[in-house]
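# Chain and residue survey
Listed below are the residues making up each chain.
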Amino acid sequence: MSRGRAFVLGATGQIGRVAVRALAEDGWIVTAASRGGGRADDWAADVRCVALDREVEGATAAALGDGCDVLVDMVAFDGAHARQLTGLAGRIGSAVVVSSGAVYEDDEGRGFDTQEEPGGAPRYPLPIPESQRTVAPGDTTYATRKIRLERELLAAGDVLPVTLLRAGAIHGPHCRTPRELYFVKRLLDGRARRVLAYDGKSRFHPVHVSNLAELIRLAALRPASRVLNAGDPQAPTVAEIGVAVDGVLGRTTETVLVAGAPPGGGVGETPWTVAHPIVYDMTAAGRELGYEPVTGYAESLPETVEWLASRLHGREWTEAFPKMARNYGDGLFDYAAEDAWLDLYGRTV
């Protein structure tokens, strides 16, 4: 028996392709909408695919047709997208929208947007509950845009029940900015040593795409207006992640630990590097949705590493992952700066 009609925005992205499959397998009649209108290889044949650019006025309403029971949105980012969804409330039974843990700030007003400022690293209560204060809504940063999206959608809860999922550091195949690339490329390049700041203890709570898809599936079955964290069952340290990647590739790497912040030039700085831990409380998801993780970080890692290695084969990492290159720059793999620091370190210890 069909559970109803599901409409998925951003269907061919990293999260969308897994969520579409999870919903279809759970009995939903799924329409998968993306700019290209394509389909993933592992989707059921009866998944309907449509091309949609939501920024074109009226395009989302036209693609939605006479409506759906649940709309799942992977690519909503701001107030304009919130108003787009609430404007269609009469044709949408409920919504599940992916937000971000980046909206949190600590009790001193420090958050993701203040990380680079002197003394700006946030120090959150652990684990971070959904009740933790958030940044003020705005239009200037990723975090302020996401919280504006959240606020406007929650304010319309009487006409459109919406579950907002504050995702951690998303990982798994098909990621455009894969954090694991930091370790995988170094191993493939034959690097024998790596440098990690903050004694390798940085923790930035990850969430695998299959766990996020499970949260989406469960939220679709239980419509309500709420905010829930989205994370894996474990939040490993960056040093533990490095060792786990070593294990997948059958390598051993010497880790050089820096007691404090990265010494400069990108040395010791990884995509997980934070001065204080970021770990999300997953209690509410279990209580409200009956959520149980599909996988853990270490269990999911071999598939991710294999995908990364295949993407890197025969080409530059900047070609394979152009968005990663734009976001992190040359410092991510500046081996010359790293070797110079290691040489100085070797002469001073």
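See the structure printed just above.
The following paragraphs examine the structure supplied in this document. (Residues numbered from 1 in each chain as written. Predicted model: local features only at pLDDT ≥ 70, side-chain atom pairs only at ≥ 80, totals over all residues. Heavy atoms only, no water.)

Within the protein chain, the regular secondary structure consists of 12 helices and 11 strands. The proportion of buried residues among the 349 residues of the protein chain is 53%. A total accessible area of about 15000 Å² is found for the protein chain, and carbon and sulfur atoms account for 49% of it. Here the protein chain carries 37 positive and 46 negative side-chain charges, and the mean point of each set is 2 Å from the other. (Helix = DSSP H or I, 4+ residues; strand = E, 2+ residues; numbered from the N terminus. Buried < 20%, exposed > 50% of the residue type's maximum accessible area, 1.4 Å probe, protein only. Areas by Shrake-Rupley, 256 points an atom, 1.4 Å probe, with all protein chains shown as cover. Lys, Arg positive; Asp, Glu negative; His and termini not counted. Charge placed at Lys NZ, Arg CZ, Asp CG, Glu CD.)

A word on unusual backbone geometry. In this structure, the amide linkage connecting Leu126 to the following residue, Pro127, adopts the cis form with an omega of -10°. Topologically, Pro127 is positioned in the loop between strand 5 (92–100) and helix 4 (142–155). Of note, the phi angle at His174 is positive, near 70°, even though the residue is not glycine. Examined against the element boundaries, His174 turns out to sit in the loop between strand 7 (169–171) and helix 5 (181–188). Classification of His174 as partly exposed rests on a relative accessible area of 35%. Notably, Asp199 is not glycine yet its phi reads approximately 55°, a positive angle. Looking at the element boundaries, Asp199 is found in the loop between strand 8 (193–196) and strand 9 (206–208).

Turning next to empty space enclosed by the protein. Under the defined criterion, the tally for this structure stands at one cavity of 30 Å³ or more. Of the pockets and cavities examined, the largest cavity occupies roughly 30 Å³. Forming the walls of the largest cavity are Gln115, Ala121, Pro122, Tyr124, Val274, Ala275, His276 and Ile278. The class makeup of the residues in the lining of the largest cavity is six nonpolar, two polar and no charged. (1 Å grid on protein atoms, 1.4 Å probe; cavity = no way out; pocket = protein on both sides within 12 Å on 5 of 7 lines; lining within 4 Å. Points joined across faces, edges and corners; volume = space filled by probe spheres on them. Nonpolar A, V, L, I, M, F, W, Y, C, P; charged D, E, K, R; others polar.)

On to the sheet that holds strand 2 (residues 28–34). Pairing is parallel across the open sheet formed by seven strands, whose spatial order is 3-2-1-4-5-6-10. Edge positions in the open sheet fall to strand 3 (48–51) and strand 10 (226–230), since each of these has one partner strand only. Across the sheet, the mean angle separating the axes of adjacent strands is 20° when strand polarity is ignored. Of the pairings in the sheet, the one linking strand 1 (residues 4–9) to strand 4 (residues 68–73) comprises four bridges and is parallel in character. Its bridge partner lying in strand 4, Ala6 is registered against Val70. (Pairing = 2+ DSSP bridges. Axes fitted to C-alpha atoms, helices over the stretch in contact; angles between N-to-C directions.)

Between the first and last C-alpha of helix 6 (residues 209–221) there are 19 Å, a value that for 13 residues agrees with the 18 Å anticipated at 1.5 Å per step. If you check which residues of helix 6 are buried, you get Val209, Ser210, Asn211, Leu212, Ala213, Glu214, Leu215, Ile216, Arg217, Leu218, Ala219 and Ala220. (Expected span 1.5 Å × (residues − 1).)

Right, let's talk about the packing of helix 5 against helix 9 (residues 297–312) for a bit. Closest axis-to-axis distance for the helix 5/helix 9 pair is 10 Å, and the angle between their directions is 60°. In terms of their interaxial angle, helix 5 and helix 9 are classed as oblique. Of the two elements, helix 5 crosses helix 9, and the hand of that crossing is right-handed. Residues Leu181, Val184, Lys185 and Leu188 of helix 5 form the contact with helix 9, whose own contacting residues are Val305, Leu308, Ala309 and Leu312. (Parallel < 35°, antiparallel > 145°, perpendicular 65-115°, else oblique. Left-handed = near helix turned anticlockwise from the far one by under 90°. Contact = heavy atoms within 4.5 Å.)

You can see Val103 is positioned in the loop between strand 5 and helix 4. Judged by its relative accessible area of 0%, Val103 is buried. Residues Val103 and Ala136, spaced 33 residues apart in sequence, show a C-alpha to C-alpha distance of 8.7 Å.

We now examine the side chain of Asn211. Counting through the fold element by element, Asn211 comes out in helix 6. Accessibility expressed as a relative area gives 0% for Asn211, which makes it buried. Within the structure, the side chain of Asn211 is placed 2.6 Å from the backbone nitrogen of Val294, a separation counted as a polar contact. Asn211 has contacts with Asp232, Pro233, Tyr291, Pro293, Val294 and Thr295, leaving out every residue within four places of it along the chain. (Polar contact = N/O pair within 3.5 Å; in protein donor to acceptor, adjacent residues only side chain to side chain.)

Before going further, it helps to examine the side chain of Arg194. Residue position: Arg194 is located in strand 8. The class for Arg194 is buried, based on a relative accessible area of 4%. Looking at Arg194, its side chain comes within polar contact range of the side chain of Thr255, at 3.3 Å. With near-sequence residues (within four places) excluded, Arg194 lies in contact with Phe183, Gly242, Val243, Asp246, Thr253, Glu254, Thr255 and Val256.

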